[in-house]
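Next come the chains, spelled out residue by residue.
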Amino acid sequence: MPVGTQGTVKGLTPSDLRAAGTRILLSNTYHLMLRPGSGLIRSLGGLHRLMAWDRPILTDSGGYQVLSLKGLVNVREEGVEFRSHLDGAPEFLSPERSMEVQADLGSDIAVTLDHAVLLPLDAAAQREAGERTLRWTERSLRHARTLATPGGYRQLLFAIVQGGGDPALRREMAERTAHHACDGFAIGGLSVGETKDETWSLARAAVEALPPDRPRYLMGMGTPRDLLDGIACGIDLFDCVLPTRNARNGMAFTSEGPVNIRNAAHTRSDRPLDPRCSCEACALFTRAYLRHLHLAGEMLAHRMLTLHNVTFYQTLMEAARRAIERGDLHSYARECTERYRERDGDPPEPA
Ligand SMILES: [Zn+2]
């Protein structure tokens, strides 16, 4: 899922997103509840109407974004008190309020509110956050069933699995979350300070305890390598700002590895960004031109690199789906990893 934080995937129109192969995108409850406000969006017909996007939208619950406000947050059993990053105004997000906002937005998939934590954290605090997440899941799901979307259709509800950095706690939390009647599961609170190996052992502990017939969504992670590792681990849905944020910093993901378009090596390059890509940027433009646009601060550079990166991600996922259907995921992942090398003198995951 490309990330449309403010109700837009920065720089792309709905037809760009369709051309890139986007089937579903993510939008952020936290940002939209503060601005322009979920009541206004409901009165304008909901988020699909507002964005002119007729394919699915998943909204997060706002829990993680509120947590990342650091220092301005007070978690109580009732909900989370925080101050708006826009104007410092006091705000409150409870499980019920999060579901109301998501119903106003009219997303196709709403996610329950969780108590997210950053690692490292002591075991008692991790358990407390996990237990609170279970109570909030119950409250979120109960309240969501009383709400109506602007379009009158039933929202699918995903429950978040937390459990901190302990695989046994993760497994227990996943088992207990799986008792709820919900449509799918979101695995939250990963990639928050632990190593990659720890991330995957935590994800696997959760996935193994979740029912195989309901989708699993891994929240907020997604280098190309993460996607392949996550799919192999049993994850179905991902969201990540990397393809769009990195594009604006001049970083393209390509089938050969990351390309930093600012690099002087591209000054005279008449190659496309990625010869294996069919997006408009790769079909029309040379690296030399895109480098020039980026260095000149032209908005077309941001737009074209974003279009390319989203296309690259969607193509990767489409090919993974086909490989799964052929029963051939592991050789596909190996082939991608061999071709996808660090080049250009750039780290694969710039901040
Ligand atoms: Zn491209």
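Whatever comes next refers back to the structure up there.
Every value quoted in this text rests on a predicted model; they were computed, and no experiment measured them.

Conventions and cut-offs
- Residues numbered from 1 in each chain as written.
- Predicted model: local features only at pLDDT ≥ 70, side-chain atom pairs only at ≥ 80, totals over all residues.
- Heavy atoms only, no water.
- Helix = DSSP H or I, 4+ residues; strand = E, 2+ residues; numbered from the N terminus.
- Rg over C-alpha atoms; globule rule 2.2 N^0.38 Å.
- Buried < 20%, exposed > 50% of the residue type's maximum accessible area, 1.4 Å probe, protein only.
- Contact = heavy atoms within 4.5 Å.
- Areas by Shrake-Rupley, 256 points an atom, 1.4 Å probe, with all protein chains shown as cover.
- Lys, Arg positive; Asp, Glu negative; His and termini not counted.
- Charge placed at Lys NZ, Arg CZ, Asp CG, Glu CD.
- Donors = N, O, S within 2.8 Å, 3.2 Å for Na, K, Ca; no water.
- Tetrahedral: all angles 85-135°; square planar, octahedral: opposite > 155°, others 65-115°.
- Pairing = 2+ DSSP bridges.
- Salt bridge = Lys/Arg side-chain N within 4 Å of Asp/Glu carboxyl O.

Here the focus is the overall build of the chain. Regarding its fold elements, the chain presents 15 helices and 13 strands. Expected size for 351 residues packed as a compact globule is a radius of gyration near 20 Å; at 20 Å, the chain falls within 12% of this value. Its C-alpha atoms give the chain principal-axis dimensions of about 60 × 45 × 40 Å. Counting over 351 residues, the chain shows a buried share of 55%. Of the contacts formed within the chain by residues at least 6 apart in sequence, a portion of 69% connects residues at least 24 apart. In the structure as shown, the chain presents an accessible area of about 15,200 Å², 51% of it carried by carbon and sulfur atoms. Once the 42 positive and 44 negative side-chain charges of the chain are each reduced to a mean point, those two points are 3 Å apart.

Our next topic: the coordination of the zinc ion. A metal bound by six donors in octahedral fashion has ideal angles of 90 or 180 degrees, whereas one bound by four tetrahedral donors has an ideal angle of 109.5 degrees. Within the protein, the zinc ion binds to C277 (SG), C279 (SG), C282 (SG) and H308 (ND1); these donor distances fall in the range 2.1 to 2.3 Å. Viewed at the metal, the four donor atoms of the zinc ion are separated by angles of 96 to 121 degrees, and the geometry they form is tetrahedral. In terms of primary sequence, the donors binding the zinc ion are separated according to C-x1-C-x2-C-x25-H. Here H308 lies in helix α14 (residues 299-326) and C279 lies in the loop between β13 (257-260) and α12 (280-284), a separation of 29 residues in the sequence. The burial state of C279 is the same as that of H308; both residues are buried.

Moving on, we come to the sheet that holds strand β2 (residues 25-27). The sheet built from eight strands is open, its strands ordered β1-β2-β3-β7-β8-β9-β10-β11 with parallel pairing. The outermost strands of the open sheet, each flanked by one partner alone, are β1 (3-4) and β11 (237-238). In terms of strand pairing, strand β7 (residues 109-111) meets strand β8 (residues 156-161) through three bridges, oriented parallel. Bridge pairing in β8 places I109 opposite L156.

Next up on the list: the pattern of salt bridges. A complete count under the given rule lists 23 salt bridges for this structure. One salt bridge in this structure joins E128 and R132, with 3.7 Å as the shortest N-O distance. Placement of both E128 and R132 in helix α7 (residues 123-144) is noted, with a separation of four residues, approximately one turn of the helix. Take E128: its relative accessible area is 43%, and that puts it in the partly exposed class. Classification of R132 as buried rests on a relative accessible area of 10%. A single salt-bridge network, built from bridges that share partners, covers R23, E318, R321 and R322.

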